[in-house]
Amino acid sequence: MAIDLSTVFTGLRFQNPFMLASAPPTESDSNIMRAFEAGWGGVVTKTIGLHPVINVKGPKTKFNRVTPETGRISMEKRAGATLHSSWNWELISDKTIDWWIPRLDRIKKAFPEKVLVASIMAGSGNDRELKHWQDLAMGCQDQGVDALELNLSCPHMDRPDMGSNIGKDQQLVSYVVQVVKEVARVPVWAKLIPSTTDIVIEARGAFNGGADAISATNTFPSLPPVDPDTLEFEMNVEGLVSYGGLGGPAIFPMALAKVTQMCQAFPDKSFSAIGGVSNFTQALNYFLVGAGTVQVCTAAMLDHAIGPNVIRDLLAGMRAFLERHAGRRWRSLEDFRGLLRNRIVPHSQIKRPDTKEYRGGYEVHEGYAEPQVVT
Ligand SMILES: Cc1cc2nc3c(=O)[nH]c(=O)nc-3n(C[C@H](O)[C@H](O)[C@H](O)COP(=O)(O)O)c2cc1C
């Protein structure tokens, strides 16, 4: 039986389930076209807004590295240190919708068989702001994009009605999705932040609003490390720093937990998993808990800006995995997607040594009454 790397996600056919996430690798038409030539199945554009943004002075992204012998995490480049994470405080695209419109059209015409997703962001404080979401959605879909990803998760917005401040509020999430769905003719994905108490709540808000999929996660709120000699944050502007976003290998286990929580709560819904993917072993984790596509940012940034080697390894890894499991008659993602989704259980359901039982912290009741478990 022939191996098939293609998949269908939110009704769209992907040549393979691997995508570049919204970030510097997808900040221009030339990058996106190079990415498609390199083999990525889909691309989410850098987030597009209506108005220009002004980024901080100096670098917007740096990479933390860890020295294996000492465990020191630092942005300082040193021999023998391995990648720990990316740290960024970059805003959305510094090019507005007017710049993007002809380019989206050009990309889609050049690569009709690839999936082009437009990431968009606006405010949500009043009807005028909400209308901006619709303007962005219609502007992008008129150029032929295959789906819209709503950035409800940018962690660097001061405005209380923008970015992750929307993503933290299930009602606003629901409302913004609904407003976009009113005009959307293509699938709408909602991109969520990981730093809330329970991401299932915001995911429910998005699905209630009509979202076709959730993309998660965006970066985790974090600070750069302090230099022990200068006593300054390793990334700062005139001594000052702000909370930024952590991506890359360090966030993989945490993002996996967030994606799993949603896949368990909504087993029939679609999830595009993001966080710490650099090769097929991490992507496989996300597929096994139920994700239908996987997005990559940090690893691609460090590989010729658009990840030609990363996508080559992802494709080779998936092909080798399916060949290894040919005996189980697995030939495509759907044959193993979600296989481990039900293996994550409450702590008390994990076997104790010998015959000892554990009742989740509740006392064993006398007589016949079972302990009441409050959920
Ligand atoms: C420099 C940088 C810029 C980013 N810009 C955006 C953005 O404009 N919109 C967005 O939705 N996510 C943005 N992200 C988040 C990524 O798309 C992704 O969710 C995150 O980096 C986690 O994936 P990773 O572990 O593969 O890096 C950005 C990330 C980085 C590192």
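In what follows, the accompanying structure is described. (Residues numbered from 1 in each chain as written. Predicted model: local features only at pLDDT ≥ 70, side-chain atom pairs only at ≥ 80, totals over all residues.)

**Side note on helix H6 (residues 199-209)**
Three or four residues apart is the spacing at which side chains of an α-helix point the same way, because the helix has 3.6 residues per turn. To be explicit about the condition: Working definition of burial: number of other C-beta atoms within 10 Å of the residue's own, with buried at 20 or more, exposed at 12 or fewer, and partly exposed in between, all C-beta atoms being placed from the backbone. Only DSSP runs of H or I with at least four residues qualify as helices, and only runs of E with at least two residues qualify as strands; both kinds are numbered from the N terminus onward. A pair of residues counts as a contact when their C-beta atoms, built from backbone coordinates, are separated by no more than 7 Å.
Among all positions of H6, only Ile199, Glu202, Ala203, Gly205, Ala206, Phe207 and Gly209 are buried. Packed against the buried residues of H6 are helix H4 (164-167), helix H5 (170-181), strand S10 (188-191), strand S11 (213-216) and helix H7 (252-265). Within two residues after H6, glycine 210 carries a phi angle of roughly 110°, on the positive side.

**Quick word on the site of the ligand**
Formally: Should the C-beta atom of a residue, placed from the backbone, lie within 6 Å of a molecule or strand, that residue is near it. Each residue is assigned to one of three groups, with Ala, Val, Leu, Ile, Met, Phe, Trp, Tyr, Cys and Pro labelled nonpolar, Asp, Glu, Lys and Arg labelled charged, and all others, Gly among them, labelled polar.
In the vicinity of the ligand there are 28 residues, among which Ala21, Asn88, Gly247, Cys297 and Thr298 approach most closely. Partitioned by chemical class, the residues of the shell around the ligand number 10 nonpolar, 15 polar and three charged.

**Looking at the sheet that holds S11**
Either a parallel or an antiparallel arrangement is found when strands of a sheet pair, and the pairing is made through backbone hydrogen bonds. Applicable threshold: Strands qualify as paired when DSSP identifies two bridges or more between them. Fitted lines through C-alpha atoms serve as axes, helices being fitted only where they are in contact, and the angles separating the N-to-C directions of these axes extend from 0 to 180 degrees.
An order of S3-S4-S8-S9-S10-S11-S14-S15 is seen for the eight strands of this closed barrel, with the pairing classed as parallel. Averaged over all neighbouring strand pairs, the angle between strand axes comes to 25°, with direction disregarded. In this structure, strand S3 (residues 18-20) lies alongside strand S4 (residues 42-44), joined through two bridges in parallel fashion. Residue methionine 19 lies in a different strand from S4, and its bridge partner there is glycine 42. On top of the sheet, H5 reaches strand S9 (147-151) and S10; it is set at about 155° to S10, its chief contact.

**Focus: the pairing of strand S13 (residues 244-247)**
Across three bridges, the pairing between strand S7 (residues 82-88) and S13 is antiparallel. Bridging from a neighbouring strand, asparagine 88 pairs with glycine 245 of S13. Sheet topology note: the strand S12 (residues 220-222)/S13 ladder contains three bridges and is antiparallel. Across the sheet, the residue bridging to proline 221 is glycine 245, located in S13.

**Here we look at the sheet that holds S7**
Pairing is antiparallel in the open sheet, where five strands are placed in the order S6-S5-S7-S13-S12. Bordering the open sheet on either side are strand S6 (73-74) and S12, each of which pairs with just one other strand.

**A short note on the pairing of S9**
Our working rule: Looking down the strands as they point away from the viewer, one classifies a crossover as right-handed if the path from the first strand across the helix to the second runs clockwise.
Within S9, five of the five residues are buried, leaving the element largely enclosed by the surrounding structure. Of the two faces of S9, the one holding Ala147, Glu149 and Asn151 and the one holding Leu148 and Leu150 are both buried throughout. Both strand S8 (residues 115-120) and S9 contribute to a ladder of four bridges, which runs parallel. If you follow alanine 118 over to S9, its bridge partner there is leucine 148. Handedness of the crossover is the feature at issue here: the chain leaves S8, passes through helix H3 (residues 127-141), returns alongside S9, and the resulting connection is right-handed.

**A word on the nonpolar core**
Rules: Buried Ala, Val, Leu, Ile, Met, Phe, Trp, Tyr and Cys residues whose C-beta atoms connect them within 7 Å together make up a nonpolar core.
Formed by 91 residues in total, the largest nonpolar core has its most connected members in Leu148, Ile214 and Val259. Looking at this core element by element, the count peaks at six residues for H5. For isoleucine 214, the contacting residues outside a window of four places in its chain are Trp189, Ala190, Leu192, Ala203, Ala206, Met262 and Phe271.

**Focus: the environment of glycine 139**
Within the fold, glycine 139 resides in helix H3. For the pair formed by glycine 139 and tryptophan 100, sequence separation is 39 residues and the distance between their alpha carbons is 9.5 Å.

**Regarding unusual backbone geometry**
Note: most peptide bonds trans; most residues except glycine with negative phi. Cis peptide bonds are those with omega within 30 degrees of zero, and the linkage from alanine 216 to threonine 217 qualifies with 10°. Position of threonine 217 among the secondary structure elements: in the loop between S11 and S12. One non-glycine residue, threonine 10, lies in positive phi territory at about 45°. Inspection of the secondary structure assignment puts threonine 10 in the loop between strand S1 (7-9) and strand S2 (12-14). Threonine 10 gets classed as buried once you count the C-beta atoms within 10 Å, which come to 21. Phi is positive for histidine 304, which is not a glycine, with a value near 50°. The exposure class of histidine 304 is partly exposed, given the 13 C-beta atoms found within 10 Å.

**Topic: helix H2 (residues 97-110)**
The line we're drawing: A helix is expected to reach a length of 1.5 Å times the quantity of its residues less one.
Compared with an ideal rise of 1.5 Å per residue, which puts 14 residues at 20 Å, H2 spans 20 Å between its outermost C-alpha atoms and is within 8% of the ideal. Among the residues making up H2, those that are buried are Trp100, Leu104 and Ile107. For H2, the elements touching its buried residues are helix H1 (29-38), S8 and H3.

**Quick word on the environment of serine 30**
Along the chain, serine 30 falls in helix H1. With 11 C-beta atoms counted inside 10 Å, the residue serine 30 sits in the exposed group. The spatial distance from the C-alpha of serine 30 to the C-alpha of tyrosine 362 is 60 Å, given a sequence separation of 332 residues.

Bear in mind that shape data such as this cannot, by itself, settle questions of function.
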